[in-house]
Amino acid sequence: MLLVIDVGNTNVVLGVYKKDTLLTSWRATTALNQTSDEIGLFLYQLLERNQMSIDCLEHVIISSVVPDFMNALKGAIKKYLHIDPMIVGPGMKTGINILMENPKEVGADRLVNAVATVELYGAPAINIDFGTATTYDVISKEGAYIGGIISPGLRICADALYQRAAQLPRVGIKKPQSLIGKNTVSSIQSGLLYGAMGEVNYIIEAIRKEMDDPNMKVIATGGLATLLNEDTNLFTEVNQDLTLEGLRILYERNK
C-alpha cells in the first residue's frame, strides 16, 4: 500500500491507497516543533486505529511547502516505516509542461493539484485550492501549467480583522443567515464569505476571458470549497481529495 502525505502551512493531510483506491485519510495540524520520534509514533497510532500495521505500507510519497518540517518527517518515515520516501520536486516526471519564468517557484502542492486535475478532469481547466492562501492555477488546453494567482486565504483574512481591529471578535467561517448582518459576528461572516465568493467569481470570469474560453472547467479543493460552492455552483467539481489523488498519480509515474 502507498502512504501519501501533503504538508501545508496549516495542515498535514495523509492518505493510504491500495492501488488506485483511497482507503482512509487524515488531517493534522502542521506542528513545526515535533521531533521525528513524535511524528513516527503519531503515524503508528493512526495506522493502528484503522487496523493497519506499519508493515502493510510499501511506499511513501510527500509534497511539502514547509521545508522546516521535512527533516523530522523524513526521519520518522525512515526510522519507523523503514521506507525512503519519494519527494515531489525538480526532476520528477509529471507530464505537465510548466510555462513559468522560473518553474522551480511553483509550489509542490500546486503542481500536484495540476497533475490530478488534468488526469481526472482534462484540460483546459482552472484549479482553485482554498488553503492558508487561496491559489488559482491555470492549465491550457494542451495540458500545460501556464501560471496562476495567489490571494490571502479566508482564515488569514479573518485573523487579520481580529488582530488589527480592536473591537472585532475572532469568528468561525460559516454562512450567516442573511447577507446583511444583524450583529457584529454575522456581519464579519457575511463579509468574509460573500467577499470571497465575489473574488472567486470575478477571477474565474477574468481567467476565462483572458484564455478566450467561457467554458473552462473549474476544479476546487480545500476545506472551504464546499461552503463557497453552496447555492452558487461556482465550480464544475469539488474534490477534497484532489491533492492526495495527484500524489498517487505522481507516484505511479515515477516509481
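The preceding data block contains the structure.
Residues numbered from 1 in each chain as written. Predicted model: local features only at pLDDT ≥ 70, side-chain atom pairs only at ≥ 80, totals over all residues. Heavy atoms only, no water.

Brief notes about the overall build of the protein
And step 1. Along the backbone of the protein there are 7 helices and 10 strands.
And step 2. In terms of C-alpha radius of gyration, the protein reaches 19 Å, essentially the compact-globule figure of 18 Å for 255 residues.
And step 3. Taken along the three principal axes of its C-alpha coordinates, the protein extends 55 × 45 × 30 Å.
And step 4. Within the protein, residue pairs in contact and separated by at least 24 positions form 56% of the contacts whose partners lie at least 6 positions apart.
And step 5. Total accessible area computed for the protein in this model is approximately 13300 Å², and 49% of it derives from carbon and sulfur atoms. (Helix = DSSP H or I, 4+ residues; strand = E, 2+ residues; numbered from the N terminus. Rg over C-alpha atoms; globule rule 2.2 N^0.38 Å. Contact = heavy atoms within 4.5 Å. Areas by Shrake-Rupley, 256 points an atom, 1.4 Å probe, with all protein chains shown as cover.)

Regarding the packing of helix α4 (residues 154-164) against helix α5 (residues 184-210)
And step 1. Two numbers describe how α4 lies on α5: the axes approach to 11 Å, and their chain directions differ by 145 degrees. The handedness of the crossing between α4 and α5 comes out as right-handed. For the pair α4 and α5, the contacting residues are Leu154, Cys157, Ala158 and Leu161 in the first and Ile188, Leu192 and Ala196 in the second. (Axes fitted to C-alpha atoms, helices over the stretch in contact; angles between N-to-C directions. Left-handed = near helix turned anticlockwise from the far one by under 90°.)

Some thoughts on the sheet that holds strand β1 (residues 2-7)
And step 1. The strand order across the open sheet formed by 5 strands is β3-β2-β1-β4-β5, and the pairing between neighbours is mixed. Edge positions in the sheet fall to β3 (21-29) and β5 (86-87), since each has one partner strand and no second.
And step 2. Across 8 bridges, strand β2 (residues 11-18) lies against β3 in antiparallel orientation. Among the inter-strand pairings, valine 13 is bridged to a residue of β3, identified as arginine 27. (Pairing = 2+ DSSP bridges.)

Structural notes on the sheet that holds strand β10 (residues 237-238)
And step 1. An order of β8-β7-β6-β9-β10 is seen for the 5 strands of this open sheet, with the pairing classed as mixed. Pairing within the sheet leaves two strands with one partner each, and these edge strands are β8 (145-152) and β10.

Quick word on the packing of aromatic side chains
And step 1. Applying the stated criterion across every chain yields a total of 1 aromatic pair.
And step 2. Both rings, one in phenylalanine 130 and one in phenylalanine 235, keep their centres 5.8 Å apart while their planes meet at 50 degrees; by these two values the pair is tilted. Within this pair, whereas phenylalanine 130 is found in strand β6 (residues 125-130), its partner phenylalanine 235 is found in the loop between α6 (225-229) and β10, the two being separated by 105 residues in sequence. Note on accessibility: phenylalanine 130 and phenylalanine 235 belong to one class, buried. (Phe/Tyr/Trp six-rings, centres within 6.5 Å; stacked < 30°, edge-to-face > 60°. Buried < 20%, exposed > 50% of the residue type's maximum accessible area, 1.4 Å probe, protein only.)

Description of the pairing of strand β9 (residues 217-222)
And step 1. The element β9 is largely enclosed, with a buried count of 5 among its 6 residues.
And step 2. Sheet analysis places β6 next to β9, joined by 6 bridges and oriented parallel. Opposite isoleucine 128, over in β9, you have alanine 220 as the bridge partner.
And step 3. Across 2 bridges, the pairing between β9 and β10 is parallel. Residue pairing for β10: alanine 220 is matched across the bridge by valine 238.

Here we look at the environment of tyrosine 80
And step 1. Within the secondary structure layout, tyrosine 80 lies in helix α2 (residues 67-81).
And step 2. The spatial distance from the C-alpha of tyrosine 80 to the C-alpha of leucine 43 is 8.6 Å, given a sequence separation of 37 residues.

Focus on the pattern of salt bridges
And step 1. Summed over the entire model, instances satisfying the criterion amount to 9 salt bridges.
And step 2. A salt bridge links aspartate 37 to lysine 79; the nearest nitrogen and oxygen atoms lie 2.7 Å apart. Residue aspartate 37 is found in helix α1 (residues 36-49), and its partner lysine 79 is found in helix α2; the two are separated by 42 residues along the sequence.
And step 3. The exposure class assigned to aspartate 37 is partly exposed, which follows from its relative accessible area of 31%.
And step 4. A salt bridge links arginine 110 to aspartate 137, with the nearest nitrogen and oxygen atoms 2.5 Å apart. Taken together, the residues span a long stretch of sequence, with arginine 110 in helix α3 (residues 108-121) and aspartate 137 in strand β7 (residues 133-139) at a distance of 27 residues.
And step 5. Judged by its relative accessible area of 0%, aspartate 137 is buried. (Salt bridge = Lys/Arg side-chain N within 4 Å of Asp/Glu carboxyl O.)

Topic: α1
And step 1. Taking 1.5 Å of rise per residue, 14 residues should cover 20 Å, and α1 covers 20 Å from first to last C-alpha, within 8% of that figure.
And step 2. Residues of α1 that are buried include every one of Ile39, Gly40, Leu43, Leu46 and Leu47, and no others. Taken down its axis, α1 places every buried residue within 125 degrees of arc, on the same side. Across from the buried face of α1, at angles greater than 90 degrees, the exposed residues are Gln45 and Arg49.
And step 3. As for α1, its buried residues are in contact with β2, β3 and α2.
And step 4. Glutamine 51 sits one or two residues past α1 and shows a positive phi near 55 degrees. (Expected span 1.5 Å × (residues − 1). Arc of directions from axis to C-beta.)

Just distances and angles here, no functional claims.
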